[in-house]
Each structure stands twice: as structure tokens, then as C-alpha cells.
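Each chain is listed here by its residues.
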Amino acid sequence: MNGSPTVVDDVMTHRVVALRTGAAFKDIVRTMREWGVSALPVLDDDGRVVGVVSEADLLPKEEYNEHVPGRHGQVGDTADVHKANAVTAGELMSTPAVTVAPGVALARAARIMARTRVKRLPVVDREGFLKGIVSRSDLLKVFLRDDADIAEEVRCEVVARLFGAHAEPLGVEVRDGVVTLTGRTHRTALIPLATHLARTVPGVVDVRCELTGPPRHPDLGPGLPDAHGSALA
């Protein structure tokens, strides 16, 4: 894989600041500001991740600080009201924490972030101990990969494996992460698979497949175009 990032451990931040469940509200705000982050993992007494405190968890404190009940006496969402009265990380945190393992593929981590609508994921081992944190920006680092490295991997891991190292010469060009596959092959059934596998190569933005089958020969059957484009009777 030419050393390219493929799993969370390849791109995650290993040095992470975390909170204990008893961390006070102002200490949480101060830590976020000092570290320039919008969310922090929360650990239990054993050091396992039990939740995450984000800016969204802190905002109800300000929102309901001067709240005036509405016409029907409703004071908003029960969970938000509870967080408005919370003073420690254990009371404020969203739990259970959405986490990911170090060996998870980057694409899967991206899907987890999109599905759960979070900006970062604590990275934990099998026992739940914090190993790092991965953010959206970390996952995007893979797209900084050099075009030449991507092309080499597509040639070796996709084209050569599918069509054989000594098969028909097939072209692989990469520009700004966009892969273009060109050439002719007798193994036309493998063309869709080649396109799919090229898309899975780290750093690939898109794939333009211009692979075609071998040219038709006029002797193969009636009605087929000959070399000059005319049809046989």
C-alpha cells in the first residue's frame, strides 16, 4: 500500500486531552479554549471512555440562564433543561460515547461520523481505553496523497491483480486524485470491478473508466461493422 493511510490509527491524533467525570463546568470551558477543541472525551475512574462533552452540551447553561416559560409554561427539551442545571462533566456528557477502534478503515469512520453527526471520534482499544482521537480533518488528510503514489497503487493493486502483470497494456493516469483507466481488454467482465476497486484506493477522488473490449472483427458474424464502419449483409 506504499505506506498510504488506510485506517484510523494512520491519521488520528495520539496526544489527547480528556476529562474525568467530576470535572467542573468552568474547567471544561477553560480546557476547550486552551486546546482549541469543541469536544472532549470523558473518562471514568479506570480511564475508560464513558462519554463526550461538546460545546452543544454546554450551551443550554447559557440558553436557559434567563429563560422565561412560554405561553403554556413549557421550558424546552427536558434533556437540555437537565444540562442547564448540570455542573460536572459526568452530568453534561453525551453517553454512551460514539467511539471507533484504531484498526477501522477510514471510509467506515467517515460513515460513522456522518451517521451520528459528530465532528470527531474518540479512538479506543478493545477494553475501552482512550488511544487517541480522529476528526473530520484527519480523515481528509488521505486526499493530500501524491498523484504518482495513487497511480502506482492502482497499477499494482488493481490492474495487475485483476488483469495480470503481462496482460494487455492498460493506462492509469491520475490528476488531482481523479483516476483515468484506459485501454482494451478481453476480460470485459472485470471492468466494473476494476472501477470499483480503484475507487477504494486511499486518496482517490473519482474514477473515470475508459476501458473497452477488443475491437470487433468483421468475420465474427453477420451484421457487425467492419473496419470502415459498413455492415455485412
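On a predicted model such as this, the values are computed, not experimentally measured, just so you know. (Residues numbered from 1 in each chain as written. Predicted model: local features only at pLDDT ≥ 70, side-chain atom pairs only at ≥ 80, totals over all residues. Heavy atoms only, no water.)

J.: I keep staring at the overall build of the protein chain and nothing clicks. Help me out?
T.: In terms of helices and strands, the protein chain carries 9 helices and 8 strands. Burial statistics for the protein chain: of 233 residues in total, 36% are counted as buried. Here the contacts in the protein chain between residues at least 6 apart in sequence split such that 57% fall between residues at least 24 apart. Working note: accessible area of the protein chain is about 14400 Å², and carbon and sulfur atoms make up 52% of it. (Helix = DSSP H or I, 4+ residues; strand = E, 2+ residues; numbered from the N terminus. Buried < 20%, exposed > 50% of the residue type's maximum accessible area, 1.4 Å probe, protein only. Contact = heavy atoms within 4.5 Å. Areas by Shrake-Rupley, 256 points an atom, 1.4 Å probe, with all protein chains shown as cover.)

J.: Would you explain the pairing of strand β4 (residues 120–124) in this entry?
T.: Strand residues, when the strand is regular, have side chains that alternate between the two faces of the sheet. Where burial is concerned, most of β4 is hidden: 4 out of the 5 residues are buried. Of the strand pairs in this sheet, β4 and strand β5 (residues 130–135) are connected by 5 bridges, and their pairing is antiparallel. Residue pairing across strands places V124 opposite L130, the latter belonging to β5. (Pairing = 2+ DSSP bridges.)

J.: Any chance you could explain the sheet that holds strand β3 (residues 49–54) here in plain terms?
T.: Strand pairing in a sheet is mediated by backbone hydrogen bonds. Such pairs are either parallel or antiparallel. Spatially, β1-β2-β3 is the arrangement adopted by the 3 strands of the open sheet, whose pairing is mixed. Where the open sheet ends on each side, the last strands, each with one partner, are β1 (19–20) and β3. Relative to strand β2 (residues 39–43), β1 runs parallel, the two sharing 2 bridges. From the neighbouring strand, R20 faces β2, where its bridge partner is L43. Of the strands in this sheet, β1, β2 and β3 are in contact with helix α2 (residues 25–35), which crosses β2 at around 130°. (Axes fitted to C-alpha atoms, helices over the stretch in contact; angles between N-to-C directions.)

J.: Looking at this structure, I do not really get the pattern of salt bridges. What am I missing?
T.: Pairing is possible between side chains that carry opposite charge, provided their charged atoms lie close to one another. Scanning the model with the defined rule gives 7 salt bridges in all. Between R48 and D46 there is a salt bridge; the shortest N-O distance is 3.7 Å. Under the relative-accessibility criterion, R48 is labelled partly exposed at 30%. Owing to a relative accessible area of 55%, D46 belongs among the exposed residues under this scheme. (Salt bridge = Lys/Arg side-chain N within 4 Å of Asp/Glu carboxyl O.)

J.: Honestly, the confidence of the model for the protein chain in this entry has me stumped. Any pointers?
T.: On average, residues of the protein chain score 86 in pLDDT, and 82% of them are at 70 or above. In the predicted structure, residues 68–73 sits below a pLDDT of 50 and forms 2 contacts with residues beyond four places in sequence or in another chain. Note on residues 224–233: pLDDT under 50 across the span, and 14 contacts to partners over four residues away in sequence or across chains. (pLDDT = per-residue confidence, 0-100.)

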